[in-house]
Amino acid sequence: MSDGKLKYFPHLGGALVLGGAGLLGFLGNWEGAGEYTVYADKLAGGLPTVCEGLTKHVTSTPIIVGEKWSRAKCDAEVGAAVARVQIQLAGCFKILPPQRVFDAASSHAWNLGAPATCGSGAMAAFNRGEWDRGCRRLSRGDDGTIVWSFTSRMVDGKKVFTFVQGLANRRAAETDLCLGAA
């Protein structure tokens, strides 16, 4: 596992660690560290997934269900893909975040996509310097309702949302990481 790479972001006037061991370990806990056979992720509509959540949405490397990957290939591909997602995410911050906030937001973006995280209420709070409020918004709305913990599918032309406890657990863990409680 990598110690990460410190990258300076001029628009933030500071540096953040990309692909740090803490973040990669966190992702491994939620995305399946040691998953070297590509599988069809049921929660993602059968999306081919491998390693720590690597999909076609974060890499251009073909991911084919049933294909076996080596640990070295996973480490290289995940490290590069996480850094790309983090660079995209860093562009959404207007204020240099604490590393713990950046790592939690990075996990959120890895799971849901950087555009979703960038457009979230959490990011709005982060960009006002409201770190704790932003952290809480990774898992709950300001009224306490659970957010970002649902899958969706079309049924009779209507979008239907299904609550997934595992996603709620992950969002709560991201909030804890973000708040420094993890």
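For every chain, the first residue of its written sequence is number 1, and the numbers climb from 1 along that sequence. With the structure being a predicted model, the display of local features is reserved for residues of pLDDT at least 70 and the display and counting of side-chain atom pairs for 80 or more, all residues being used for whole-chain, interface and lining totals. No hydrogens and no water enter the side-chain calculation; it runs on all heavy atoms of the structure.

Asks: Help me out: how do you make sense of the overall build of the chain in this one?
Replies: Every helix listed is a DSSP run of H or I at least four residues long, and every strand listed is a run of E at least two residues long, numbered separately from the N terminus. From N to C terminus, the chain includes 7 helices and 6 strands. Scanning the chain from its N terminus toward the C terminus, one meets helices and strands in the order β-β-α-β-β-α-α-α-α-α-β-β-α. Restricting the calculation to C-alpha atoms gives the radius of gyration, and the globule rule supplies 2.2 Å times the number of residues raised to the power 0.38. Compactness check: the chain gives a C-alpha radius of gyration of 16 Å against a globular reference of 16 Å for 182 residues, within 12% of the reference. The principal-axis extent of the C-alpha atoms belonging to the chain is close to 45 × 45 × 25 Å. Among the 182 residues that make up the chain, the fraction classed as buried is 41%. In this description, contact between two residues means that some pair of their heavy atoms is separated by no more than 4.5 Å. Contacts spanning at least 24 positions in sequence make up 52% of the contacts within the chain whose residues lie at least 6 apart. In the form shown here, the chain has an accessible surface area of approximately 9,100 Å², with 55% of it arising from carbon and sulfur atoms. Considering the chain, the positive charge centre built from 20 side chains and the negative charge centre built from 16 side chains are found 5 Å apart. Partly exposed residues are those whose accessible area sits between 20% and 50% of the maximum for their type, while under 20% is buried and over 50% is exposed, using a 1.4 Å probe and protein chains only. Note on areas: Shrake-Rupley with a 1.4 Å probe; residue coverage comes only from the protein chains shown. Asp and Glu are treated as the negative residues and Lys and Arg as the positive ones, with His and the ends of the chain left uncounted. Throughout, a charge is located at the NZ atom of Lys, the CZ atom of Arg, the CG atom of Asp or the CD atom of Glu.

Asks: Hey, could you run me through the pairing of strand β6 (residues 158–163) in this one?
Replies: Counting buried residues in β6 gives 0 out of 6 residues, a small share hidden from the surface. Each pair of strands is called paired provided DSSP finds at least two bridges between the two strands. Of the strand pairs in this sheet, strand β5 (residues 150–155) and β6 are connected by 6 bridges, and their pairing is antiparallel. What sits directly across from V155, in β6, is K158. Between β5 and β6, which pair antiparallel one after the other, the connecting turn spans 2 residues, and D156 there sits at a positive phi close to 50°.

Asks: Would you take a moment to explain a nonpolar patch on the surface for this structure?
Replies: On the surface, I146, F150, F161 and F163 cluster together into a nonpolar patch covering about 370 Å² of accessible area. Looking at the element boundaries, F161 is found in strand β6. A relative accessible area of 53% places F161 in the exposed class. Nonpolar side chains (Val, Leu, Ile, Met, Phe, Trp, Tyr) are joined into patches within 5 Å and like charges within 9 Å, using only residues with over 30% relative accessible area and no salt bridge. Only one rule defines a salt bridge in this text: a Lys or Arg side-chain nitrogen within 4 Å of an Asp or Glu carboxyl oxygen.

Asks: Where do I start with helix α1 (residues 21–31) in this structure?
Replies: Note: α-helices contain 3.6 residues per turn, so residues at a spacing of three or four share the same orientation. Within the span of α1, buried status applies to L23, L24, F26, L27, G28 and E31. Each element contacted by the buried residues of α1 is listed here: β3 (39–41), α2 (71–90), α3 (99–112) and α7 (165–179). Directly beyond the C-terminal end of α1, a positive phi value near 95° is found at G32.

Asks: What exactly am I supposed to notice about α3 here?
Replies: Expected helix span is given by 1.5 Å per residue-to-residue step, counting one fewer step than there are residues. Taking 1.5 Å of rise per residue, the 14 residues of α3 would be expected to cover 20 Å, and the 20 Å separating its terminal C-alpha atoms lies within 8% of that figure. For α3, the buried fraction is high: 10 of the 14 residues fall into the buried class. G113 lies just past α3 and shows a positive phi near 100°.

Asks: Please explain the packing of α3 against α7 as it appears in this structure.
Replies: Packed helices, taken two at a time, are described by their axes: the angle between them and the distance between them. At their nearest, the axes of α3 and α7 sit 7 Å apart, and the two run at 160° to each other. With respect to their mutual orientation, α3 and α7 come out roughly antiparallel. In the packing of α3 onto α7, the handedness of the crossing is left-handed. When α3 is examined against α7, the residues R100, V101, D103, A104, S107, H108, W110, N111 and L112 are found in contact with a partner set consisting of L167, R170, R171, E174, L177, C178 and L179. Charged means Asp, Glu, Lys or Arg here, nonpolar means Ala, Val, Leu, Ile, Met, Phe, Trp, Tyr, Cys or Pro, and polar covers whatever is left, Gly included. When its residues are assigned to classes, the contact of α3 with α7 shows 8 nonpolar, 3 polar and 5 charged. Axes here mean lines fitted to C-alpha atoms, for a helix over just the part in contact, with angles spanning 0 to 180 degrees between N-to-C directions. Angles below 35 degrees are treated as roughly parallel, those above 145 as roughly antiparallel, those between 65 and 115 as roughly perpendicular, and all remaining angles as oblique. Note: crossing handedness is left-handed where the near helix turns anticlockwise from the far helix by less than a right angle, and right-handed where it turns clockwise.

Asks: Sorry if this is basic, but what is going on with the pairing of strand β2 (residues 14–18) here?
Replies: Walk down a regular strand and you will see the side chains alternate between the two sheet faces. Burial along β2 is one-sided: G14, L16 and L18 are buried, and none of A15 and V17, which face the opposite way, are. Note: strand β1 (residues 5–9) against β2, 5 bridges, orientation antiparallel. When the sheet's bridge partners are listed, K5 is paired in β2 with L18. In sequence, β1 turns back onto β2 through a hairpin of 4 residues, with G13 there showing a positive phi of about 70°.

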